[in-house]
Amino acid sequence: MLTGGAIQDILSKPVEQHPEKPVFQILGIKKIQTKGSEGAGNDRYRLVLSDGVNIHTSAMLATQLNDLVISKQIEVKAVIRLDKYICNIIQETRKVLIVLEMTVIKPGNEVPGRIGEPKNINADSNSDRQQPQQNGSGGQNSMSGGGTMSGGPVLGGASRGAGLASATYGSHQPLASKGDSARAVYPIMSLTPYQNRWTIRARVTSKSNIRTWSNSKGEGRVFNVDLVDESGEIRATGFNDAVDKFYELLEVNKVFYVSKCSLRTANKQYSTIKNDYEMYLNNDSIIEVCEDRCNLPTLQYNFVQIGDLGNFNADSLVDILGLVISCDDVTQITTKTTNRQVSKRDITLLDRSEKSVRATLWGDDAEKFDEHVGKNPVLALKGVKVSEFGGRSLSILNSTNMRVNPTEVKEAHNLVGWYENVGKNSTIESLSGNRSEGGAMGADYKTLSQITNEQLGMGPKGDYTTVKATVVFMKKENCLYKACPSADCNKKVIEEGDGYRCEKCDKSYTDFKYRLLLQTNLADFTGNQWVTFFQETAENILNTTAERLGQLKDSGDDTAFDQLFLEASFKQHIFRIRAKMETYNDETRLKCTCVNVAALDFKKECRRLLGEIKKLKML
DNA sequence: CCCCCCCC
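Residues numbered from 1 in each chain as written. Chains lettered and ligands numbered in written order. Predicted model: local features only at pLDDT ≥ 70, side-chain atom pairs only at ≥ 80, totals over all residues. Heavy atoms only, no water.

1. Some details on the pattern of salt bridges
Pairing is possible between side chains that carry opposite charge, provided their charged atoms lie close to one another.
Step number 1: All told, the structure shown has 23 salt bridges when counted by the stated rule.
Step number 2: One salt bridge connects Asp315 with Lys385, and the closest N-O pair in it is separated by 3.6 Å. Highlighted residues: Asp315 in the loop between strand S15 (286–289) and strand S16 (317–327) and Lys385 in strand S20 (residues 378–387), separated in sequence by 70 residues.
Step number 3: For Arg345, the salt bridge identified is with Asp370, shortest N-O distance 3.1 Å. (Salt bridge = Lys/Arg side-chain N within 4 Å of Asp/Glu carboxyl O. Helix = DSSP H or I, 4+ residues; strand = E, 2+ residues; numbered from the N terminus.)

Pasting the structure below:
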């Protein structure tokens, strides 16, 4: 079943003699601890592979295959076929095998135990850090602790003419400067800040504009490019001089040899590039066009289904493949802080989850989208921002890589076919709410204690949030007031003689209408909060009308009046709350107003809670 | 060293 001897061949023979699609058994899977990695998607997995004769402990899974581990498609004991792999020389004699594509031949749970009696092949003969394998039978995770791949300085200088590098990329003349020893091409995923004697060969998949900034720390220009090879991807950033030196050279889709850049921990907040590190172009950096034809991948996506967007927090970045089902016109908005005029255009995206989401294009992107209006293009978006307005929506940032009808993304073609045959006629549920309800009940749920703990309401417009809470007390005294009877005026009237005067309308009326202004105490498992309910929201929780309450009050039927309050107490609802700091008599305090009440929909609520649990799991 | 991405 296993390709006996394949490990020996891969480690000792030139690449032409490497076995094609060897079959191995996985004897261990270990997540490599990486510093400062937040959330999922940045991990790397090291595999212990056996060919039944030998064990190789330095195999790595290409980052784009991480999901196979996460979804447990590959587990210890599984038999797998390597459809595509590279073997890179490390520290003269130690070699890392990188699995680029693979097929599960037999899942781990169907394999009783270790196949054959494989011996550890110590490729790392120069190092005593590699522990001999102490594999128990039955295929337990056999990773020896403190292995050489666990985040330390794993890569030494590579020598020329060995392993994958020179064989695969044989026509490449080493790029090292004079006097430096020649070097081999490294896979992107092997780069670390701990050693810098590497050259990568990578395709530019996207390039930003040159941005300028000016702040207290200074000013300057900056750009970035995303680079990809068979093993993974990395973002490279260049400042000032590097902009002049490299911006023009680095054309999208072209392939380059890149060396002598520094690496630093990447801030995951700003990119969906699957790499813990980011590359910085500096004065020593060398970038040369690779003229050879090579088969490097294009952009790497990690698409998220639109239907799963509820599992992502606001401001997270995701990759989305969606078909445009509607386009709004371009409108102008004025920004709150800088009063600048900015163009925006909302479009609606649909995918196979049969859920749609509204996405906003800004500035030039909004204007230039005119050419696609009336068509149904497919957009491949890498690094689009999740926003919580009115459920979930997307914001297409300057840094978002947007491809329209990308021919290189085969799912894009499939999505068109699906839309023509299925999607077109499906009932589509929107995650963004429709325009009329637009954000009436947002998906940005908070607990009552979060309202104060997170200091909501500091801004001039206040903050909106949704809470699930219980009505625990209502101040029924003075909850009704006599208001101006005219249609749009709800001002309290002053009784004068037999009439009612409205100061706002500057008019006297013979009649008035009762309106509600109800101080209500809401509670959830974290605390409670006084919230003001006006007419419609108060009528909703009291399950009656202001008019009816007025009648009971006027007729002196206190029992019936009180009964309505009693029945409305200890009922749970979903509340949309506006929180805003307000100052009265030099005292600033948080004022909360309920702007919408919705019944607790158990099905929806369960789905939301499941989503919350899923979010916790992803931490 | 950027990392702002706006509005309802």
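2. Side note on the side chain of Asp319
Step number 1: You can see Asp319 is positioned in strand S16.
Step number 2: A polar side-chain atom of Asp319 sits 3.1 Å from a polar atom in the side chain of Thr272.
Step number 3: Here Lys382 takes part through its side chain, which lies 3.5 Å from a polar atom of the side chain of Asp319.
Step number 4: In this structure Asp319 touches Thr272, Gln300, Tyr301, Asn302, Phe303, Val304, Leu381, Lys382 and Gly383, once residues within four positions along its chain are discounted. (Polar contact = N/O pair within 3.5 Å; in protein donor to acceptor, adjacent residues only side chain to side chain. Contact = heavy atoms within 4.5 Å.)

3. Observations regarding the nonpolar core
General note: in soluble globular proteins, nonpolar side chains tend to be found buried as a group.
Step number 1: In this structure, Leu518, Leu522, Phe533 and Phe575 are the most contacted members of the largest nonpolar core, which totals 38 residues.
Step number 2: Core analysis: the next-biggest nonpolar cluster, separate from the first, contains 26 residues, Ala59, Ile74, Val76 and Leu82 among them. (Core = buried A, V, L, I, M, F, W, Y, C linked by side-chain atoms within 4.5 Å. Buried < 20%, exposed > 50% of the residue type's maximum accessible area, 1.4 Å probe, protein only.)

4. Quick word on the packing of aromatic side chains
Step number 1: Counting across every chain of the model gives 9 aromatic pairs.
Step number 2: Taking the centre distance of 6.4 Å and the plane angle of 5 degrees together, the rings of Phe239 and Tyr280 count as stacked. With Phe239 in strand S11 (residues 233–239) and Tyr280 in strand S14 (residues 277–281), the pair connects residues that are 41 residues apart, well separated along the chain.
Step number 3: The class of Phe239 is partly exposed, set by a relative accessible area of 35%.
Step number 4: Given a relative accessible area of 13%, Tyr280 falls into the buried group.
Step number 5: Feature note: the residues Trp213, Phe239 and Tyr280 constitute an aromatic cluster, connected by ring pairs.
Step number 6: For the cation-ring pair, Lys207 lies above Tyr247, with the distance from its terminal atom to the ring centre recorded as 4.0 Å.
Step number 7: The aromatic ring of Tyr280 is capped on one face by Arg264, whose charged end is 3.8 Å from the ring centroid. (Phe/Tyr/Trp six-rings, centres within 6.5 Å; stacked < 30°, edge-to-face > 60°. Lys NZ or Arg CZ within 6 Å of the ring centre and 35° of its normal.)

5. So, the side chain of Asp524
Step number 1: Relative to the assigned elements, Asp524 resides in strand S29 (residues 513–524).
Step number 2: Nearest to the buried, unbridged Asp524 among oppositely charged side chains is Lys468, at 8.6 Å.
Step number 3: In terms of polar contacts, Asp524 uses its side chain to reach the side chain of Thr526, at 2.6 Å. (Lys, Arg positive; Asp, Glu negative; His and termini not counted.)

6. Quick word on the sheet that holds strand S27 (residues 499–502)
Step number 1: With antiparallel pairing, the 3 strands of this open sheet are ordered in space as S26-S27-S28. Taken across any chain shown, the strands that pair with only one partner, and hence form the sheet edges, are strand S26 (494–496) and strand S28 (507–509). Neighbour-to-neighbour, the strand axes of this sheet turn through a mean angle of 35 degrees, independent of strand direction.
Step number 2: Relative to S27, S26 runs antiparallel, the two sharing 3 bridges. (Pairing = 2+ DSSP bridges. Axes fitted to C-alpha atoms, helices over the stretch in contact; angles between N-to-C directions.)

7. Topic: the environment of Glu536
Step number 1: Along the chain, the position of Glu536 falls in helix H8 (residues 535–542).
Step number 2: C-alpha separation for the pair Glu536 and Leu517, spaced 19 residues apart in sequence, amounts to 9.7 Å.

8. Let's talk about the protein's contact with DNA strand B
Step number 1: Neighbouring DNA strand B are 26 residues; Arg211, Tyr280, Thr335, Lys344 and Lys385 lie closest to it.
Step number 2: The protein-proximal atoms of DNA strand B, defined as those within 4 Å of the protein, are 34% sugar or phosphate.
Step number 3: One of the side-chain nitrogen or oxygen atoms of Arg211 is found 2.8 Å away from a base oxygen of DNA strand B.
Step number 4: Residue contributions to the surface near DNA strand B peak at 3 residues, all from strand S9 (residues 211–215).
Step number 5: Grouping the amino acids of the surface near DNA strand B by side-chain chemistry returns 10 nonpolar, 8 polar and 8 charged. (Near = heavy atom within 4 Å. Nonpolar A, V, L, I, M, F, W, Y, C, P; charged D, E, K, R; others polar.)

9. Overview of the pairing of strand S18 (residues 341–350)
Step number 1: Among the 10 residues in S18, 8 count as buried, and that is most of the element.
Step number 2: Sheet analysis places S16 next to S18, joined by 4 bridges and oriented antiparallel. Its bridge partner being in S18, Leu323 is matched across the sheet by Leu350.
Step number 3: As defined by bridge partners, strand S17 (residues 331–334) adjoins S18 across 4 bridges and the pair is classed as antiparallel. Bridge pairing in S18 places Gln332 opposite Ser343.
Step number 4: Where S17 folds back onto S18 in an antiparallel hairpin, the turn is made up of 6 residues, including Asn339, whose phi is positive at roughly 60 degrees.
Step number 5: Looking at chain direction, S18 and strand S19 (residues 355–362) are connected through 7 bridges and run antiparallel.

Purely spatial values, then, with no claim about function.
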